[in-house]
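One-letter residues, chain by chain:
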Amino acid sequence: DIQLTQSPSFLSASVGDRVTITCRASQGISSHLAWYQQTPGKAPNLLIYAASTLQSGVPSRFSGSGSGTEFTLTITSLQPEDFATYYCQQLNSYPRIFGPGTKVDIK
Amino acid sequence: EVQLVESGGGLVQPGGSLRLSCAASGFNFRAYGMSWVRQAPGKGLEWVADISSNVKKISYADSVKGRFTISRDNAQNSLFLQMNSLRAEDTAVYFCARDTHYFDSSDSLGFVSDIWGQGTMVTVAS
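Note that the structure is a prediction, hence the values are computed from the model and not measured.

Asker: Before we move on, can you summarise the overall build of chain B with the specific residues and values?
Answerer: Looking only at helices and strands, chain B features zero helices and 11 strands. Seen in sequence order, chain B has helices and strands lined up from the N terminus as β-β-β-β-β-β-β-β-β-β-β. By the compact-globule yardstick of 14 Å for 126 residues, chain B fits well, its C-alpha radius of gyration being 14 Å. Referenced to the eigenvectors of the C-alpha coordinate spread, the extents of chain B come out at roughly 50 × 30 × 25 Å. The buried share of chain B, reckoned over its 126 residues, is 48%. If you take every contact in chain B between residues at least 6 apart in sequence, the share linking residues at least 24 apart comes to 54%. A total accessible area of about 5800 Å² is found for chain B, and carbon and sulfur atoms account for 48% of it. If the 11 positive side-chain charges of chain B are averaged to one point and the 12 negative ones to another, these points end up 6 Å apart.

Dropping the structure here:
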């Protein structure tokens, strides 16, 4: 099975900061990767799919890049509503596992 | 409004069974694959199972294979998860999600969970 790692696990940042989260796959997954945002008590919200395609309705400060085994999620100018946990998910093969998550907290 | 609403969660003893339901509205349910994803308290997301729109393709996580069964009723716009032989480690919030197809830059087909329900809590304890 493909394994996903995310770094960092925890990130402390301020409003207006640029934030980058990395997701690494144990095998190549082409560009079949999605990013989700989750706030406590809520369902995950799809941000990015196909590694770099912004989901409809998601603010343009979110962007994704990468292919193969290394992917990044970037948030330019962090907003108060962006403090959440972010998960990557590989969509290339079964099982469709998620990364362990990156919690973005207020500095 | 596109919506998914889960139900059927609750407290069940180890070894017991539970059937979760997910009611879909606001979209052509029969045209989409569907998934179940769970999240144990304080933990990350775990993909559980998915089913194609025409029921021809079904997949399970190893952790639930042989114990859980995913099914759907396209006439009733509903998704189900039958959970048998439940264990303490199955305790989690269970989300249903709609799977939408996409093509990446290489024209390779993929499916992503774009719409999620609010989740239903399953607690396995004596």
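Asker: Provide a residue-level description of the nonpolar core, including the pertinent values.
Answerer: Core analysis: the biggest nonpolar cluster contains 42 residues, and Trp36, Leu79, Leu81, Met83 and Tyr94 of chain B have the highest contact counts within it. When residues in this core are grouped by element, the largest group, six residues, is from strand β9 (residues 92-103) of chain B. When sequence neighbours within four positions are dropped, the list of residues in contact with Tyr94 of chain B reads Glu6, Leu20, Trp36, Val37, Arg38, Phe68, Leu81, Met83, Gly119, Thr120 and Val122 of chain B. Listed in part, the 26 residues of the second largest apolar core include Leu11, Ala13, Phe62 and Leu73 of chain A.

Criteria and cut-off values
Residues numbered from 1 in each chain as written. Chains lettered and ligands numbered in written order. Predicted model: local features only at pLDDT ≥ 70, side-chain atom pairs only at ≥ 80, totals over all residues. Heavy atoms only, no water. Helix = DSSP H or I, 4+ residues; strand = E, 2+ residues; numbered from the N terminus. Rg over C-alpha atoms; globule rule 2.2 N^0.38 Å. Buried < 20%, exposed > 50% of the residue type's maximum accessible area, 1.4 Å probe, protein only. Contact = heavy atoms within 4.5 Å. Areas by Shrake-Rupley, 256 points an atom, 1.4 Å probe, with all protein chains shown as cover. Lys, Arg positive; Asp, Glu negative; His and termini not counted. Charge placed at Lys NZ, Arg CZ, Asp CG, Glu CD. Core = buried A, V, L, I, M, F, W, Y, C linked by side-chain atoms within 4.5 Å.

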